[in-house]
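A structural walkthrough
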Amino acid sequence: MLKAGVILDYAVFGAIAQMRYTEAVATLDADILVAIPTGGNLVLLRPILDFCVAHGYTSEGEAIRVGDWPVQFIPAFNAITEVAMREAQTGEIDGVPLRVVRADHLALIALSTARPKDFARILSLLEAKAITVEELAKLSARHGLAAEWQRFRRRFLG
Amino acid sequence: MERYLKELLARQSAWQRSRAALPWAEKIRLAKVMIEAQRALRAGFDDRRELEKPSR
């Protein structure tokens with residue numbers, strides 16, 4: 001898709017990315033952040049879906065089935081996800097290299113989305129020592145999430 | 001008892017750390033197994049509730 005120009009950049013995030021650092025966690029799908037040539041409009045995901053179907057993959061609603069996993073393509077939706085995608089690292093699954101969001105950015109995205117499962121993700125990343133409290137405090141301040149971080153810290157870290 | 005519990009928790013913690021240190025691909029495979037186990041448990045639970053419904 002990169003070579004064909006359907007996407008400009010991508011990075012795995014969500015639970016699949018989290019598992020690079022923590023124990024395995026149950027998840028129903030794989031999430032991929034993407035940069036689309038003409039912007040982040042959801043309708044503009046159509047070229048991605050068309051490309052995948054043309055290459056033999058089947059669509060399941062907004063997702064594409066790749067092997068055992070429904071894969072969701074999500075346009076980078078704010079400055080944090082754009083940075084996370086731009087500064088993603090290269091990981092490897094069974095010899096296949098792929099870009100994956102760093103632990104600190106995963107935690108930051110989770111802090112900004114703030115659902116119970118996101119809080120669990122932050123705690124898992126801290127527990128696995130993939131990030132430190134100090135790093136996350138600095139990063140959240142830099143990205144305008146200092147208040148969210150304080151709330152999280154008071155609630156979960158005592 | 002307290003000593004036993006502390007040792008148990010230490011062993012559990014070490015085991016969890018060892019699971020976190022598995023290769024990424026292996027953990028993704030484990031996640032798939034977890035989903036299948038969840039589905040099987042849910043299906044079993046639903047079957048059991050069906051069986052336990054009072055007969056008319």
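About the cut-offs
Residues numbered from 1 in each chain as written. Chains lettered and ligands numbered in written order. Predicted model: local features only at pLDDT ≥ 70, side-chain atom pairs only at ≥ 80, totals over all residues. Helix = DSSP H or I, 4+ residues; strand = E, 2+ residues; numbered from the N terminus. Rg over C-alpha atoms; globule rule 2.2 N^0.38 Å. Buried ≥ 20, exposed ≤ 12 C-beta atoms within 10 Å, placed from the backbone. Contact = placed C-beta atoms within 7 Å. Nonpolar A, V, L, I, M, F, W, Y, C, P; charged D, E, K, R; others polar. Domains from an automatic or database assignment. Pairing = 2+ DSSP bridges. Axes fitted to C-alpha atoms, helices over the stretch in contact; angles between N-to-C directions. Parallel < 35°, antiparallel > 145°, perpendicular 65-115°, else oblique. Left-handed = near helix turned anticlockwise from the far one by under 90°.

1. Some details on the overall build of chain A
Looking only at helices and strands, chain A has 7 helices and 7 strands in total. Going residue by residue from the N terminus, the α and β elements of chain A occur as β-α-β-α-β-β-β-α-β-β-α-α-α-α. By the compact-globule yardstick of 15 Å for 158 residues, chain A fits well, its C-alpha radius of gyration being 16 Å. When the backbone C-alpha atoms are referred to their principal axes, chain A occupies close to 50 × 30 × 25 Å. Counting all 158 residues of chain A, 34% fall into the buried class. Contacts in chain A between residues at least 24 apart in sequence constitute 62% of all its contacts with a sequence separation of at least 6.

2. Thoughts on the interface of chain B and chain A
Counting from both sides, the interface comprises 13 residues of chain B and, opposite them, 15 residues of chain A. Mapped onto the side of chain B that touches chain A, the elements with two or more residues apiece are helix H1 (2-20) and helix H2 (24-52) of chain B. The biggest single contributor to the side of chain B that touches chain A is H2(B), with 10 residues. Taken together, the residues that form the side of chain B that touches chain A break down as 8 nonpolar, 2 polar and 3 charged.

3. Some remarks on the domain arrangement of chain A
All names here are of chain A. Looking at the assigned domains, one finds that chain A contains domain 1 (1-101) and domain 2 (102-158). A C-alpha centroid distance of 22 Å is found between domain 1 and domain 2. Between domain 1 and domain 2, the residue contacts involve 13 residues of the former and 13 residues of the latter. Those elements that provide at least two residues to the side of domain 1 that touches domain 2 are helix H1 (14-18) and helix H3 (79-86). It is H3 that contributes the most residues to the side of domain 1 that touches domain 2, 4 residues altogether. By residue class, the composition of the side of domain 1 that touches domain 2 is 8 nonpolar, 4 polar and 1 charged.

4. As for the pairing of strand S4 (residues 63-66) of chain A
If a strand is regular, its side chains alternate between the two faces of the sheet. Residues and elements named next belong to chain A. Inspection of the sheet shows strand S3 (residues 58-60) paired to S4 by 3 bridges, in the antiparallel sense. Note that in S4 the partner of Thr58 across the bridge is Arg65. The turn joining S3 and S4, which pair antiparallel and follow one another in sequence, is formed by 2 residues; a positive phi near 65° is taken by Gly61. Linkage of S4 to strand S5 (residues 69-75), two consecutive antiparallel strands, is achieved through a turn of 2 residues, within which Gly67 is found at a positive phi near 60°.

5. A look at the packing of helix H4 (residues 103-113) of chain A against helix H6 (residues 133-142) of chain A
Pairs of packed helices are described in terms of their axes, by the angle between the two and the distance that separates them. All names here are of chain A. Two elements in contact, H4 and H6, have axes separated by 10 Å at closest approach and are oriented at 60°. Taken together, H4 and H6 sit at an angle that is classed as oblique. As for how H4 packs across H6, the hand of that crossing is right-handed. On H6, the residues touching Asp104, Ala107, Leu108 and Leu111 of H4 are Glu135, Leu136, Leu139 and Ser140. Across the contact of H4 with H6, the residue classes break down as 5 nonpolar, 1 polar and 2 charged.

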